[in-house]
Structure formats: C-alpha cells, structure tokens
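Architecture at a glance
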Amino acid sequence: MSGPPPPLPDGPGRRLVVLRHGQTTSNAAGVWQGQLDSPLSPLGEEQAAAAGPALAALGPVRVVTSDLQRARLTGAAVARAAEVPLVEDQRLREIHAGAWQGLTNDEIVQRWPGEHAALRRGEDVTRPGGGESLADVRERMGDALRDVLAATGPGECVVVSTHGAAGRAGVSWLLGLDMLVSWRVLGALGNCHWAELAEGRQGWRLRTWNVSVGAGSPEGTFAP
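Residues numbered from 1 in each chain as written. Predicted model: local features only at pLDDT ≥ 70, side-chain atom pairs only at ≥ 80, totals over all residues. Heavy atoms only, no water.

Looking now at the overall build of the protein chain. Along the backbone of the protein chain there are 8 helices and 6 strands. Going from the N terminus to the C terminus, the protein chain shows its helices and strands as β-α-α-β-α-β-α-α-α-β-α-α-β-β. The C-alpha atoms of the protein chain give a radius of gyration of 17 Å, which matches the 17 Å a tight globule of 224 residues would have. When the 224 residues of the protein chain are sorted by exposure, 52% land in the buried category. Within the protein chain, contacts between residues separated by at least 24 positions form 73% of all contacts whose residues are at least 6 apart in sequence. Counting every atom, the protein chain has about 9400 Å² of accessible surface; 51% of that belongs to carbon and sulfur. Of the side-chain charges in the protein chain, 21 are positive and 24 negative, and the distance between the mean point of each set is 4 Å. (Helix = DSSP H or I, 4+ residues; strand = E, 2+ residues; numbered from the N terminus. Rg over C-alpha atoms; globule rule 2.2 N^0.38 Å. Buried < 20%, exposed > 50% of the residue type's maximum accessible area, 1.4 Å probe, protein only. Contact = heavy atoms within 4.5 Å. Areas by Shrake-Rupley, 256 points an atom, 1.4 Å probe, with all protein chains shown as cover. Lys, Arg positive; Asp, Glu negative; His and termini not counted. Charge placed at Lys NZ, Arg CZ, Asp CG, Glu CD.)

Counted under the stated rule, the structure contains 9 salt bridges. Arginine 93 is paired through a salt bridge with aspartate 67; the nearest N and O atoms lie 2.8 Å apart. Of this pair, arginine 93 sits in the loop between strand E3 (86-88) and helix H4 (105-111) while aspartate 67 sits in the loop between strand E2 (60-65) and helix H3 (69-82), and the two are 26 residues apart along the sequence. Classification of arginine 93 by relative accessible area gives buried; the value is 19%. The class of aspartate 67 is buried, set by a relative accessible area of 19%. The residue aspartate 89 makes a salt bridge to arginine 91 at a minimum N-O spacing of 2.9 Å. Accessibility expressed as a relative area gives 13% for aspartate 89, which makes it buried. Assessed through its relative accessible area of 28%, arginine 91 is described here as partly exposed. Members of the salt-bridge network, linked through shared partners, are Arg15, Glu196 and Arg207. (Salt bridge = Lys/Arg side-chain N within 4 Å of Asp/Glu carboxyl O.)

What follows concerns the nonpolar core. Generally speaking, soluble globular proteins have nonpolar side chains that are buried together. Leu16 and Leu174 are the most contacted members of the largest nonpolar core, which has 27 residues in total. Contributing elements (two or more residues each) for this core: strand E1 (15-20), helix H6 (134-150), strand E4 (157-162), helix H7 (164-175), helix H8 (179-186), strand E5 (194-200) and strand E6 (203-211). At 7 residues, the largest contribution of residues to this core is made by H6. Ranked by size, the runner-up nonpolar core spans 12 residues in total, among them Val17, Val63, Val78 and Cys192. (Core = buried A, V, L, I, M, F, W, Y, C linked by side-chain atoms within 4.5 Å.)

Our focus in this paragraph is H8. Every buried residue of H8 is accounted for by Met179, Ser182 and Leu186. Relative to the axis of H8, the buried residues are bounded by an arc of 65° and lie together on one face. Exposed side of H8, more than 90 degrees from the buried face: Arg184 and Val185 are the residues found there. Packing partners of the buried residues in H8 comprise H6, H7 and E6. Backbone geometry just downstream of H8 places glycine 187 in the positive-phi region, at approximately 75°. (Arc of directions from axis to C-beta.)

One can describe the packing of H6 onto H7 by two numbers: an axis separation of 8 Å at closest approach and a directional angle of 65°. Considering their axes alone, H6 and H7 lie roughly perpendicular with respect to each other. The handedness of the crossing between H6 and H7 is right-handed. For the pair H6 and H7, the contacting residues are Val137, Arg138, Met141, Gly142, Leu145, Arg146 and Leu149 in the first and Ala166, Ala169, Gly170, Ser172, Trp173 and Leu174 in the second. A class-by-class count of the residues in the contact of H6 with H7 yields 8 nonpolar, 3 polar and 2 charged. (Axes fitted to C-alpha atoms, helices over the stretch in contact; angles between N-to-C directions. Parallel < 35°, antiparallel > 145°, perpendicular 65-115°, else oblique. Left-handed = near helix turned anticlockwise from the far one by under 90°. Nonpolar A, V, L, I, M, F, W, Y, C, P; charged D, E, K, R; others polar.)

Moving on to the sheet that holds E3. Pairing is mixed across the open sheet formed by 6 strands, whose spatial order is E3-E2-E4-E1-E5-E6. Strands at the two margins of the open sheet, each flanked by one partner only, are E3 and E6. Within this sheet the neighbouring strands show an average axis-to-axis angle of 20°, counted without direction. With 6 bridges joining them, E5 and E6 adopt antiparallel strand pairing. Bridge pairing in E6 places leucine 197 opposite leucine 206. (Pairing = 2+ DSSP bridges.)

Let us look at the packing of aromatic side chains. Applying the stated rule across the entire model yields 2 aromatic pairs. Between tryptophan 100 and tryptophan 112 the ring centres are 6.3 Å apart and the planes differ by 55°, which places this aromatic pair in the tilted class. Of the two residues, tryptophan 100 is situated in the loop between E3 and H4 and tryptophan 112 in the loop between H4 and helix H5 (113-120); the sequence distance between them amounts to 12 residues. When its relative accessible area of 0% is taken as the criterion, tryptophan 100 is described as buried. Overall, the relative accessible area of 17% leaves tryptophan 112 in the buried class. Members of the aromatic cluster, connected to one another through ring pairs, are Trp32, Trp100 and Trp112. (Phe/Tyr/Trp six-rings, centres within 6.5 Å; stacked < 30°, edge-to-face > 60°.)

Have a look at this one:
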C-alpha cells in the first residue's frame with residue numbers, strides 16, 4: 001500500500017478526528033477483546049453521550065464508524081449531536097487478536113510468554129491463532145482512510161469512530177510515521193478520547209492527541 005494521499009492543491013485543508021470508543025465491559029474487566037463485539041459499559045455510554053456534543057462542535061459533515069457495536073454506538077452519539085450521517089466501514093475494526101481475544105493479560109502471559117515478551121519489547125507480533133499484526137491493521141486502516149478522504153471536500157471535517165490500536169495505526173499512516181516509532185511516541189488513546197489531524201500545504205499534522213471531555217475517562221488498559 002502506498003503512503004498517505006497528497007494534500008488538496010486548492011482550498012482550505014480538511015480535518016480528520018480519530019475517536020476511540022467508550023469504555024466496554026471487557027475494558028472494565030481487563031480482557032483483550034480485539035474483534036469480539038463487546039458492549040459499552042454504563043460508564044462507556046456516559047462517555048459517548050458526553051463526547052457527542054463536544055465533537056459536534058468541530059462541525060463534522062459525517063461520521064464513519066467501525067461496525068463493532070462499541071465504536072458504532074460511540075459514533076452514533078456524535079452523528080446524532082451533529083445531525084450528520086453515520087456510515088459503517090468494517091475496515092475500521094480493532095486489531096484481530098486471534099487466540100488472545102477474550103483472555104486477560106495474565107492469561108496471555110502464562111500461555112504465550114515469548115510472544116507477549118516480544119510485544120512488550122515493542123516488536124510487531126502477529127497475534128497467535130489467526131490474528132493480525134500492527135502492520136496488517138495499518139494497511140487496512142490506510143485503505144479505509146484513503147477512501148474517507150477521497151469523499152471529503154476542502155475545509156470539511158470527518159469523525160472516524162474506531163478503536164485503540166486501529167486508531168493509532170491509522171494516525172501513524174496518515175502522518176507518514178514509522179509504525180513502531182509512532183507506537184512508542186504517541187502512546188495509547190484512552191476510552192472516548194480522540195485525536196484531531198489537519199491538512200496543510202505540506203501534508204497532515206497532528207493538532208491534538210488523547211483529548212476528552214472528562215466524563216470519568218480513565219486512560220484505559222493496554223489491551224485493545
């Protein structure tokens with residue numbers, strides 16, 4: 001896959017807001033959910049409701065969301081507040097964590113000590129049991145964001161409602177950063193936290209990172 005698209009030649013720059021879903025029941029239990037379709041917790045529902053008006057104030061023209069319910073319900077809160085369409089895209093799903101899905105971090109360490117140790121060293125580990133690597137996620141997120149931007153006009157803003165690892169991978173792609181370097185530098189997106197990116201004459205830049213409206217939002221677990 002090629003790199004991020006060049007900036008528009010004319011007119012005001014576009015804006016992209018990458019939003020992580022609210023807290024889920026799996027987040028609260030410390031469980032790796034990956035592409036399991038976990039529901040929002042009561043706190044997650046509150047976080048999404050609070051984020052809706054805050055992101056609506058940025059003037060999005062639409063919200064594009066992962067089809068997993070935690071992201072879709074979070075994105076729907078923004079779309080309702082902004083009175084704009086909500087569009088689903090399966091490519092915005094979280095990393096597929098393979099056999100790790102549904103397990104706690106301690107369980108993963110016990111069963112796959114070598115792979116988990118490599119992950120903690122900052123290596124890009126393909127999740128055992130048919131899962132993905134970060135490079136896999138970056139590729140599909142890049143494809144999705146390229147299509148989002150192709151449908152976005154000069155000066156327009158779009159909110160992308162996605163997941164922790166997927167969101168970071170997408171931001172890394174759009175900024176043209178090395179995947180593993182960006183993983184170390186950017187850090188995790190908290191539940192219902194977002195990043196805002198703006199288009200300039202020389203490409204995309206990061207305006208804000210890991211922003212929220214408070215709403216009792218903890219930093220969340222490292223498990224996606």
